[in-house]
Amino acid sequence: MKEKVGNFRWVVVALLFFATTINYLDRQVIGLLKPTLEKELNWSETDYSFIVMCFTASYALGLLFFGKIIDHIGSKLGYTISIIIWSIAAMFHALAKTSFGFGAARAVLGLGEAGNFPAAIKSVAEWFPKKERAFATGIFNSGANIGAMVAPIMVPWLLGAYGWQEAFIITGAIGFIWLIFWWIFYEIPTKKQGISQSELDYIQEDDHEDNTPIAWSKLFTIPQTWVFIVGKFFTDPIWWFFLFWLPSYFSSTFALDLKKPSIHLAVLFTCTSIGSIGGGYIPGWLMRKGWPVYKARKTAMLFFALLALPIISARWATDIWQAVILISIAASAHQAWSANIFTSVSDMFPKNAISSVVGIGGLAGSLGGVIFPYFIGIILDTYKASDNLSGGYNLIFLICGSAYLLAWLLIHFISPRMSPVGKPSKE
């Protein structure tokens, strides 16, 4: 009788899910406190854009650093260093008194948080066969949505009960609780005690890839690297906008009170969890139907790119729930896209290069996240000066809706079949 495959790999996914939840909770806090901090510290939209840019620029550099380092020191130690840095930085926001101080705290937070995805994607590649990686990635990536969903409920409550400083301190401290469980439970499969042989064999069923090291500098000459770079550069900035500006958008356009728990934002980010998990499930389902990996991945990504288009019509929303529905669809499409663009790295690259490629592509995404907020600040300040702030958001929504289809077309041009590195580009 065939031995039943074990399930410890899903415990690993649970650890990655909670880490990603904490990661997004910590970065979301400032967006929810923005109206309060604007009044207390007299910020303009441009000041806030500077603070967001400090985070994204540092996050970009951190991705490059952690991506390369994690491939050398491993996901367990790399994740540990990452969450220690970002948790301390999150708590240190409470000491800031100026926009420069917040910018400095955000920069350190960005540096630390940059280790999350290179470590998590590498962990998934270590613990899952290719046919399950997108689904596993979709599950842990949904933690981003849960963090963004919990924040609109938790942060206003902390603000009202204790104050904005305490909101940063309490949310920042949660990372140290997670770290205890990570250090106890995580290890790579070949070193993990208690894992069944059947589960180990299942995990390693397609472990016949060429593990010859790829020089970091050589990665930039490989078309498959540019697939991930393009996919991140054009779409990551849209998610930054959702995280950092949506609370302000709902506040200014629909008079949403951000000092109270927001059911609207909670619903929006709950919907994105469905997008993340569904986005991971669909290509795996197509593969089980016999589709080649690249065809299943790219077809799913095209579908998600088209789903982002309706956000353009948010300009005609006449009440807050219409806007919530339209933006929820686009944000869900982003998370579905994200689950697949991340998994495409393990489709195309050997395990010993995954974190490096994720870091490089993450750098590109964060550079886009530096550029886009700069223009958002200019657009919103310009339209605010003419007493037409909603017109500024309409222009931004047009960009958001178009970005994914543009990215998909460029990816198709760069590598039509998204072939594994070192293998011929034919089926």
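Everything discussed here concerns the structure shown above.
Criteria and cut-off values
- Residues numbered from 1 in each chain as written.
- Predicted model: local features only at pLDDT ≥ 70, side-chain atom pairs only at ≥ 80, totals over all residues.
- Heavy atoms only, no water.
- Helix = DSSP H or I, 4+ residues; strand = E, 2+ residues; numbered from the N terminus.
- Rg over C-alpha atoms; globule rule 2.2 N^0.38 Å.
- Buried < 20%, exposed > 50% of the residue type's maximum accessible area, 1.4 Å probe, protein only.
- Contact = heavy atoms within 4.5 Å.
- Areas by Shrake-Rupley, 256 points an atom, 1.4 Å probe, with all protein chains shown as cover.
- Core = buried A, V, L, I, M, F, W, Y, C linked by side-chain atoms within 4.5 Å.
- Disulfide = S-S within 2.5 Å.
- Axes fitted to C-alpha atoms, helices over the stretch in contact; angles between N-to-C directions.
- Parallel < 35°, antiparallel > 145°, perpendicular 65-115°, else oblique.
- Expected span 1.5 Å × (residues − 1).
- Patch = residues over 30% accessible without salt bridge, like charges linked within 9 Å, V, L, I, M, F, W, Y side chains within 5 Å.
- Salt bridge = Lys/Arg side-chain N within 4 Å of Asp/Glu carboxyl O.
- Bend = angle between axes of the 7 residues up to and from the residue.
- Phe/Tyr/Trp six-rings, centres within 6.5 Å; stacked < 30°, edge-to-face > 60°.
- Lys NZ or Arg CZ within 6 Å of the ring centre and 35° of its normal.

(A) Summary view of the overall build of the protein chain. Tallying secondary structure elements over the protein chain gives 15 helices and zero strands in all. Rg of the C-alpha trace for the protein chain: 21 Å, near the compact-globule value of 22 Å for 427 residues, within the 12% margin. Expressed along its principal axes, the backbone C-alpha trace of the protein chain runs to roughly 65 × 45 × 45 Å. Scored against the burial criterion, the 427 residues of the protein chain give a buried share of 59%. In the protein chain, the proportion of contacts linking residues at least 24 apart, taken out of those at least 6 apart, comes to 84%. Accessible surface for the protein chain amounts to roughly 16700 Å². Of this, 68% is attributable to carbon and sulfur atoms.

(B) Focus on the nonpolar core. In this structure, Phe 241, Phe 242, Phe 250 and Trp 337 are the most contacted members of the largest nonpolar core, which totals 125 residues. Leaving out residues up to four positions away in the same chain, Phe 250 has contacts with Ala 255, Leu 256, Leu 265, Leu 268, Ile 320, Ala 323, Val 324 and Ile 327.

(C) Focus on the state of the cysteines. In total, this model carries zero disulfides according to the counting rule given. Cys 271 takes part in no disulfide bond, and the closest cysteine sulfur to it belongs to Cys 400, at a distance of 17 Å. We classify Cys 271 as partly exposed; its relative accessible area is 28%.

(D) Expanded view of the packing of helix 1 (residues 8–41) against helix 4 (residues 99–113). It is the contact of helix 1 with helix 4, at a shortest axis distance of 12 Å, that shows an interaxial angle of 170°. For the element pair helix 1 / helix 4, the angle class is roughly antiparallel. Residues Asn 23, Asp 26, Arg 27, Ile 30, Leu 37 and Leu 41 of helix 1 form the contact with helix 4, whose participating residues are Phe 102, Arg 106, Leu 109 and Glu 113.

(E) Highlighting helix 4. Between the first and last C-alpha of helix 4 there are 20 Å, a value that for 15 residues agrees with the 21 Å anticipated at 1.5 Å per step. Among the residues of helix 4, those classed as buried are Phe 102, Gly 103, Ala 105, Arg 106, Leu 109, Gly 110, Gly 112 and Glu 113. On its buried face, helix 4 is in contact with helix 1, helix 2 (45–73), helix 3 (75–92), helix 5 (116–127), helix 7 (164–185) and helix 10 (236–254).

(F) Broad picture of a nonpolar patch on the surface. Judged by side-chain polarity, Val 11, Ile 177, Ile 180, Phe 181, Ile 184 and Phe 185 come together as a nonpolar surface patch covering roughly 560 Å² of accessible area. Tallying contributions element by element places helix 7 first for the nonpolar patch, with five residues. With respect to the element layout, Ile 184 can be found in helix 7. Classification of Ile 184 by relative accessible area gives exposed; the value is 55%.

(G) Seen up close, helix 10. When the terminal C-alpha atoms of helix 10 are compared, their 26 Å separation across 19 residues agrees well with the 27 Å that a helix rising 1.5 Å per residue should span. At Trp 245, helix 10 shows its maximal bend, which comes to roughly 55°, and the proline Pro 247 appears one to four places after that position. Most of helix 10 is tucked away, with 15 of its 19 residues classed as buried. Ala 255 lies just past helix 10 and shows a positive phi near 60°.

(H) Quick peek at the packing of aromatic side chains. Evaluated as defined, the whole model comprises 35 aromatic pairs. Considering the side-chain rings of Tyr 79 and Trp 178, the 5.1 Å spacing of their centres and the 55° angle between planes classify their relative orientation as tilted. With Tyr 79 in helix 3 and Trp 178 in helix 7, the pair connects residues that are 99 residues apart, well separated along the chain. You can call Tyr 79 buried: its relative accessible area is 0%. When the ring of Trp 164 is compared with that of Phe 168, the centres are 6.2 Å apart and the planes differ by 90°; the resulting orientation is edge-to-face. Separated by four residues within a single helix, Trp 164 and Phe 168 lie in helix 7, roughly one turn from each other. For the pair formed by Trp 164 and Phe 168, the shared burial category is buried. Here the guanidinium or amino end of Arg 27 rests over the ring plane of Tyr 24, the centre of that ring lying 4.0 Å away. Between Lys 76 and the ring centre of Trp 183, over which it is positioned, the NZ or CZ distance is 4.6 Å.

(I) Seen up close, the pattern of salt bridges. A full pass over the atoms with the stated rule returns seven salt bridges. The partner of Arg 27 in a salt bridge is Glu 113, and the shortest N-O contact between them spans 2.8 Å. Taken together, the residues Arg 27 in helix 1 and Glu 113 in helix 4 connect sequence positions 86 residues apart. In this pair, the class of Arg 27 matches that of Glu 113, namely buried. Notably, a salt bridge pairs Asp 236 with Lys 232, separated by 3.1 Å at the nearest N-O pair. One connected set of salt bridges, linked through shared partners, spans Arg 9, Glu 132 and Glu 199.

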